[in-house]
Amino acid sequence: MHSNKEMVKMGVLETGGVIQYSKGLEGVIAALSSISAIDGAQGKLIYRGIPIEMLAKYSTYEETAYLLLYGELPTKNALDEFTVLMRELRHIPPKVEMCITELPPNPHPMDILKVAVAHSGLYDPDQYRCCREGVMRKVIRIIAQIPTMIAYYHRARTGQEIVPPNPELGHAANFLYMLHGKEPDEEEARIFDIAMILHAEHGLNASTFAAMVTASTLSDINSAIVSAIGTLKGPLHGGANERVLKMLDEIGTPDRAEEYVLNALKEKRRIMGFGHRVYKTYDPRARILKEYAEYLSKKYNDTKWIEMGEKIEEIMIREVGKKGIFPNVDFYSGIVYQFLGIPRDLFTPVFTMARSVGWAAHVCEYTQNNRIFRPRAYYTGPDYVEYVPIEQRR
Ligand code: SDX
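Residues numbered from 1 in each chain as written. Predicted model: local features only at pLDDT ≥ 70, side-chain atom pairs only at ≥ 80, totals over all residues. Heavy atoms only, no water.

### What about the packing of helix α9 (residues 186-199) against helix α16 (residues 330-339)?
Item 1. Remark: α9 packs on α16, axes separated minimally by 11 Å, with the N-to-C direction vectors making an angle of 150°. Relative to α16, the element α9 lies roughly antiparallel. Relative to α16, the crossing made by α9 is left-handed. For the pair α9 and α16, the contacting residues are E188, I191, F192, A195, M196 and H199 in the first and S333, V336, Y337 and F339 in the second. (Axes fitted to C-alpha atoms, helices over the stretch in contact; angles between N-to-C directions. Helix = DSSP H or I, 4+ residues; strand = E, 2+ residues; numbered from the N terminus. Parallel < 35°, antiparallel > 145°, perpendicular 65-115°, else oblique. Left-handed = near helix turned anticlockwise from the far one by under 90°. Contact = heavy atoms within 4.5 Å.)

### Here's the deal with the side chain of K290
Item 1. Along the chain, K290 turns up in helix α14 (residues 284-299).
Item 2. For K290, a relative accessible area of 18% puts it in the buried group.
Item 3. Beyond its immediate sequence surroundings of up to four residues, K290 is in contact with Y282, I306, E310, E313 and Y332. (Buried < 20%, exposed > 50% of the residue type's maximum accessible area, 1.4 Å probe, protein only.)

### A short note on the sheet that holds strand β4 (residues 44-47)
Item 1. Within the open sheet, the 3 strands sit side by side as β3-β4-β5. Their pairing is antiparallel. Edge positions in the sheet fall to β3 (36-39) and β5 (50-51), since each has one partner strand and no second.
Item 2. Relative to β4, β3 is paired through 4 bridges, and the arrangement is antiparallel. Bridged to A37 within β4 is I46. (Pairing = 2+ DSSP bridges.)

### Some thoughts on the domain arrangement of the protein chain
Interface size is often expressed as the accessible area that is lost when the parts come together.
Item 1. Domain parsing of the protein chain yields domain 1 (36-234 + 358-367) and domain 2 (240-339).
Item 2. The C-alpha-based centres of domain 1 and domain 2 are spaced at 26 Å.
Item 3. Across the boundary between the two partners, domain 1 contributes 22 residues, which contact 20 residues of domain 2.
Item 4. Taken together, the two surfaces of domain 1 and domain 2 that pack against each other cover about 1,600 Å², and 67% of this comes from carbon and sulfur.
Item 5. By the criterion of area lost to domain 2, the three top residues of domain 1 are I191, L198 and H199, representing 32% of everything that side buries.
Item 6. Connecting domain 1 to domain 2 are 3 salt bridges. (Domains from an automatic or database assignment. Buried area = accessible area lost by both parts, 1.4 Å probe. Salt bridge = Lys/Arg side-chain N within 4 Å of Asp/Glu carboxyl O.)

### Describing the packing of aromatic side chains
Item 1. By the definition in use, this model includes 11 aromatic pairs.
Item 2. Seen from their ring centres, F331 and Y332 are 4.8 Å apart, and the 75° between their planes marks the pair as edge-to-face. Comparing F331 with Y332, the two get one shared label, buried.
Item 3. An aromatic cluster is built from F175, F192, Y337 and F347, whose rings are joined through pairwise contacts.
Item 4. Cation over ring: R269 sits above Y260, and NZ or CZ is 5.8 Å from the ring centre.
Item 5. If you follow K304 out to its NZ or CZ, it ends over the ring of W305, 4.6 Å from the centre. (Phe/Tyr/Trp six-rings, centres within 6.5 Å; stacked < 30°, edge-to-face > 60°. Lys NZ or Arg CZ within 6 Å of the ring centre and 35° of its normal.)

### Quick look at the site of the ligand
Item 1. The ligand sits among 22 residues. The nearest are H202, K268, R270, H276 and R285.
Item 2. A distance of 2.6 Å separates an oxygen atom of the ligand from a polar side-chain atom of H202.
Item 3. I271 is positioned such that a nitrogen or oxygen atom in its backbone is 2.8 Å from a nitrogen atom of the ligand.
Item 4. Alone, the ligand offers 1,100 Å² of accessible surface; in the complex the protein occludes 76% of this. (Near = heavy atom within 4 Å. Polar contact = N/O pair within 3.5 Å; in protein donor to acceptor, adjacent residues only side chain to side chain. Areas by Shrake-Rupley, 256 points an atom, 1.4 Å probe, with all protein chains shown as cover.)

Next comes the structure, spelled out in C-alpha cells:
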C-alpha cells in the first residue's frame, strides 16, 4: 500500500473510495453542461446532441455558433438576424486598429490577441450591460472581431494595406479575404468554415475551463475570453499544429518518418498532434481534417506533407496506439491551413477565432447557475517549523 505522500506523487489520493485529488483534475467532473459531449473511448463528439460529422457536412460556423450559444439550431429568420449582427460587429475601434498595427516587432500573435481583445472591451458600448441581451451582444462582438484583429495584425506586420471586412462574405470566407486581400476560392472557404466548426467547442478543455474560472467570480466576459486566450497560447494546448509542421520540416521526406518517430519515442519526446486527455482513440475531428488535407494535397499536387503525416500516423498507432495515443485535432489541421495560405504562427490565433464561441457558451451556461471555482491543494509540507530569527540562520 502506498503512503499518502507516494499517492499524492502518483497523482491520486483516495479517501474512502472518493477521489480527493487528481493531478490536472484528470477525470474530475467540474460542471454540468448540455453544450457538448465527448466519448473518449468511441471517439465521438456531439454539439448540443448533433454529431460533429453532421455539422461539418451540413452546417456553417455561424449556424454552429448559434447552436452552441442558444442551445438549438436557428430558424431561417433567426440565422439571418444572427448573421447580420455578426457582420455588423466585425469592425474594431480605430484606437484598437492603431494599437494592433503599431506594436513592437515580433510579438507572439496570441499576445496581440490578448491585448486587442482586452483593449476592444474598453470601447464596447455594451460593456456595463449585465442583462442576457447585453452579454450576448458583447459575446457576439468578440467572436466577430477576433478574425479582424488577426487579419489586421498580419497585414500590418507584412507591410500590406489593411483590408476591411467584406459584409458580403461569411465568417470564414471574410477572414481569408481580409488576410489575403482577395476573395477566397469558394471550395477553400468552405473547407476553412468546416475547420472552424470542428474547433468551435470541446468541453472543459484548459482554455474553456480558464474562462469559466474567471467568469465564476462574476468578472466580465471580456476578462474571461482574455484568460482563455492566454491559456490556449500554451503549446500543450494550442500551438501543437504549428509544431507538427515544424516536425514535418525536420523529417523532410516520408521515408525518414519511421526513424524520427522511433527515436523520439525512445527519448520520451512527444510527437505533436498526438495524444489527448479524453480521446483514447482517433479524434473524430482529425479524421475529417485528414480528408481535407488529402484533398488539398492532391489539388495543389504537393503530397509530401500528407504522405509524411500518414506515415507518422501509421507508426504512432503501431507503436503507442495500445496506450490510447492517436492523432488529435492538431495533427492534420496545420496541413490544411498551410494550403489555405495561413501563416503558421497564426494557426493558434485561428484556433482562438473558432473556439471563442465555445468559451462564451460555457461562460454563459455556467454563470446561469454559478458557483465560484475554488478547489483545494493537498498540503504536503512540514507540519510545524520554528521561526528562526535571521541572525541565527545559516
Ligand atoms: C488540444 O482538452 C482538449 O479538448 C484539448 C483540445 C481542444 O479541442 O480543446 O482537444 C485541443 O489541446 C489537443 C492536444 C494538442 N497538444 C498536442 O498535440 C501536444 C502533444 N500531446 C501531449 O502533450 C498530450 O497527449 C496531451 C497534453 C494532449 C494530453 O496529455 P495527458 O492526458 O496529460 O497525457 P500524459 O501526459 O499523462 O501522457 C500519458 C502517456 C505518457 O507516457 P508514460 O509516461 O505513461 O509512458 O502518454 C505519453 C506520455 O509520455 N504521451 C505521448 C504523447 N502524449 C502522451 N507520447 C508521445 N507523443 C505524445 N504526443
